[in-house]
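# Examining the three-dimensional arrangement
Here is how the chains run, residue by residue.
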Amino acid sequence: VFRSLPETEHKIVLLGNSLNNNALWEELFPMGYIINRGISGDVVDGVCQRLDEIIPDQPAKIILITGTNDFINNPEKPAIEVWNSYEKLIQTIRKEMPDTKLYVQSTLPLNPKSKFYEGFNERAAELNKLLEAGEDRYNYYYLDIASLLSDENGDLAEMNTTDGIHLS
């Protein structure tokens, strides 16, 4: 479906999972320069595999959020394995779209109402440290949205979610 949509040249591409997919970006930013390329349930490797639909157009910016489903799909998966996939994704973006500004958003924690909560936030926090540490090495901007959307316990704040995973 994405291949049949308008080109992403000189646009801002929101790339990732349901946290991008579920928002009505064209209503929030009606100026027409935001392109939603989020797919619900997608994982880091899945995002990497579909870069070919974005690379030819060389977007101005990519705002990336992914990683949540990697942990949800495999509750035992260590953060370093998700980082290894992320690193491959970032390296591909840097190689294939060197002039594209890349913004990597932190992986959000979950709220205890999510059935995937147990052990998730610790791994997400570890991944976020790795994402932040890679900022200078791979020339991207790390956006720590997790701390802005979390409560005093480090969980996704109740006021920011309806299901414990997604933003309200």
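Up top is the structure.
What comes next is a walk through the structure. One numbering rule holds for all chains: residues counted from 1, following each sequence as written. For a predicted model such as this one, the threshold for reporting local features is a pLDDT of at least 70, and the threshold for listing and counting side-chain atom pairs is 80 or more; totals across whole chains, interfaces and linings nevertheless cover every residue. Computation of side-chain values covers all heavy atoms of the structure but excludes hydrogens and water.

## Points about the packing of helix α5 (residues 79–96) against helix α6 (residues 120–133)
Note the cut-off: Helix axes are fitted to C-alpha atoms over the stretch in contact, other axes to C-alpha atoms as well, and angles between N-to-C directions run from 0 to 180 degrees. Counting from the N terminus, the helices are DSSP H or I runs at least four residues long and the strands are E runs at least two residues long. With respect to orientation, any angle under 35 degrees is reported as roughly parallel, any angle over 145 as roughly antiparallel, any angle of 65 to 115 as roughly perpendicular, and every other angle as oblique. Note on convention: the crossing is left-handed when the near helix lies turned anticlockwise from the far helix by less than a right angle, right-handed when the turn is clockwise. Whether two residues touch is decided by their heavy atoms; if any such pair falls within 4.5 Å, the residues are in contact.
Relative orientation of the contacting elements α5 and α6 amounts to 40 degrees, with a least axis distance of 9 Å. Classed by the angle they form, the pair α5 and α6 counts as oblique. Crossing hand, α5 versus α6: right-handed. Contact with α5, carried on its side by Ala79, Ile80, Val82, Trp83 and Tyr86, involves Arg123, Glu126, Leu127, Leu130 and Leu131 of α6 and no other residues of that element.

## Overview of the nonpolar core
Quick reminder of the rule: Here the nonpolar core consists of buried residues drawn from Ala, Val, Leu, Ile, Met, Phe, Trp, Tyr and Cys, with membership extended through side-chain atoms lying within 4.5 Å. A simple rule labels every residue: compare its accessible area, found with a 1.4 Å probe on the protein chains alone, to the largest value its type can have, and call it buried under 20%, exposed over 50%, or partly exposed in between.
One finds Ile62, Leu64, Tyr86 and Tyr140 to be the most contacted residues of the largest nonpolar core, which totals 32 residues. Where this core is concerned, the elements lending two or more residues are β1 (12–16), α3 (44–49), β3 (61–65), α4 (68–73), α5, β4 (101–105) and α6. Ignoring sequence-local partners within four residues, the contact set of Ile62 consists of Val13, Leu15, Ile54, Ile93, Met97, Thr100, Lys101, Leu102 and Tyr103. Core analysis: the next-biggest nonpolar cluster, separate from the first, contains seven residues, Leu19, Ile145, Ala146 and Leu149 among them.

## Structural notes on the pattern of salt bridges
Quick note on the threshold: By definition here, a salt bridge exists when the distance from a side-chain nitrogen of Lys or Arg to a carboxyl oxygen of Asp or Glu is within 4 Å.
Throughout the structure, instances matching the rule amount to six salt bridges. The partner of Glu53 in a salt bridge is Arg50, with the nearest N and O atoms 3.7 Å apart. Take Glu53 and Arg50: they sit in the same class, and that class is buried. Among the charged side chains, a network of salt bridges with common partners joins Asp42, Arg50 and Glu53.

## Describing the sheet that holds β1
Cut-off, in case you're wondering: Any two strands with at least two DSSP-identified bridges between them are counted as paired.
Pairing within the open sheet is parallel, and its five strands lie in the order β2-β1-β3-β4-β5. Either end of the sheet is taken by a strand with one partner, and the two such strands are β2 (34–38) and β5 (141–143). Across this sheet, the average inter-strand angle for adjacent strands is 20 degrees, counted without regard to direction. As paired strands, β1 and β2 are joined by five bridges and run parallel to one another. Following the sheet pairing, Gly16 is matched in β2 by Gly38.

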